[in-house]
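In case you want the letters, here they are:
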Amino acid sequence: MTEPEPKVATRDLTASFRGVTAVRGVSIRFPKHQIAAIVGPASSGKSTFLRCLNRLHELGEGAVVAGEVRLDGVDIYGPAVDPLALRRKVGMVFDRPTPLPGLSISDNVLAGFRLAGEEADRPEHLVEAMLRRVDLWDDVKDRLGQPALGLSSGEKQRLCIARCLALKPEVLLLDEPCSGLDPIATARVEEVLNELRFGVTIVLVTHSLQQAARVADTTAFFLGGELIEHDRTEVFFRNPQDPRTENYLTGRFG
Ligand SMILES: Nc1ncnc2c1ncn2[C@@H]1O[C@H](COP(=O)(O)OP(=O)(O)OP(=O)(O)O)[C@@H](O)[C@H]1O
Ligand SMILES: [Mg+2]
């Protein structure tokens, strides 16, 4: 049986900052409509790798990318690709929730359009639909015009996910989205991710092995900028193939 085409695939991806290599020769395939978790110790290149998938890495001074990243088979570093259009298809959510400070809850959902100088079609419907997708609608429907900064951290993070979703991304990159959240707020984000997988391909960097085990279809282990292992999550945790993965999972380093 042949494997289905992956949604995102990298080949020999290498990324550096002013000559210092942070990601080394990573070849990995992310199947469509699945959640892939990336785990690994600090400075193992997880965030840098993620930022190569939507061409954010290259914006840094002295940043260089080599190798290939394909989205539906098309090289995203090819000459015909517009990075801004690509970043709408491949959205990103960061560790600290970053609602735009001067804006209301509903304007935050629409912020992606405003930044692109566009108007959303039927904005009120879009705001409601996106807030429902992140399970925030019932909490905020009576205060849509109030500043987003009044929300709790977990609510802010779900709002940031809604802002990303408003642009209809095909891939969602999340860099430790729950690192500042308590277990209950974390569980709500995880529930949202679980629902989203039916329409979006998700790559989730997390420091929490438990989170990877709970939500991810596949899990990858990075060490020193290299991909050590990527497998179905249950295989990854129960039967890791590489001794370095096993050492990490059993807390021997990292
Ligand atoms: N802007 C930068 N300029 C120079 N070097 C950087 C920059 N950002 C990251 N690095 C280096 O690249 C390497 C990989 O960093 P990266 O942030 O990708 O790791 P990470 O796995 O996400 O770590 P963490 O778990 O701490 O978030 C590190 O050695 C780091 O010091
Ligand atoms: Mg990081």
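The rules we used
Residues numbered from 1 in each chain as written. Chains lettered and ligands numbered in written order. Predicted model: local features only at pLDDT ≥ 70, side-chain atom pairs only at ≥ 80, totals over all residues. Heavy atoms only, no water. Buried < 20%, exposed > 50% of the residue type's maximum accessible area, 1.4 Å probe, protein only. Helix = DSSP H or I, 4+ residues; strand = E, 2+ residues; numbered from the N terminus. Pairing = 2+ DSSP bridges. Axes fitted to C-alpha atoms, helices over the stretch in contact; angles between N-to-C directions. Parallel < 35°, antiparallel > 145°, perpendicular 65-115°, else oblique. Left-handed = near helix turned anticlockwise from the far one by under 90°. Contact = heavy atoms within 4.5 Å. Nonpolar A, V, L, I, M, F, W, Y, C, P; charged D, E, K, R; others polar. Core = buried A, V, L, I, M, F, W, Y, C linked by side-chain atoms within 4.5 Å. Near = heavy atom within 4 Å. Polar contact = N/O pair within 3.5 Å; in protein donor to acceptor, adjacent residues only side chain to side chain. Areas by Shrake-Rupley, 256 points an atom, 1.4 Å probe, with all protein chains shown as cover.

Counting buried residues along strand β3 (residues 35–39), five of its five residues qualify, which places the element largely inside the surrounding structure. The alternating pattern of β3 places I35, A37 and V39 on one face and A36 and I38 on the opposite face, and all of these are buried. Examined bridge by bridge, β3 and strand β8 (residues 201–205) share four bridges and lie parallel to one another. What sits directly across from A36, in β8, is V203. Of the strand pairs in this sheet, β3 and strand β9 (residues 218–223) are connected by four bridges, and their pairing is parallel. Paired with A37 across the two strands is T219, which belongs to β9.

Packing of helix α7 (residues 153–165) against helix α8 (residues 183–196) brings their axes to within 9 Å, and their N-to-C directions diverge by 20 degrees. The angle between α7 and α8 falls in the class roughly parallel. In terms of crossing hand, the pair formed by α7 and α8 is right-handed. Here α7 contributes G154, R158, I161 and L165 to the contact with α8, which in turn contributes A185, R188, V189, V192 and L196. Grouping the constituent residues of the contact of α7 with α8 by class yields six nonpolar, one polar and two charged.

In this section: the nonpolar core. In terms of nonpolar packing, the biggest core is built from 45 residues, with L131, I161, L172 and I202 touching the most fellow members. Beyond its immediate chain neighbours, meaning those up to four positions away, L131 contacts I105, V109, L136, W137, V140, L144, L159 and A162. Core analysis: the next-biggest nonpolar cluster, separate from the first, contains 25 residues, L13, L50, L86 and V171 among them.

Our focus in this paragraph is the site of ligand 1. Every residue near ligand 1 is listed here: F17, A22, P41, A42, S43, S44, G45, K46, S47, T48, E176 and H207. Between S43 and ligand 1, the recorded distance is 2.8 Å, taken from a backbone N or O atom to an oxygen atom. Note that an oxygen atom of ligand 1 is positioned 2.7 Å from one of the side-chain N or O atoms of K46. Contact with the protein chains hides 61% of the accessible area of ligand 1, taken as 630 Å² for the molecule alone. The greatest single-element share of the shell around ligand 1, amounting to three residues, is contributed by helix α1 (residues 46–53). For the shell around ligand 1, a count of residues per class yields four nonpolar, six polar and two charged.

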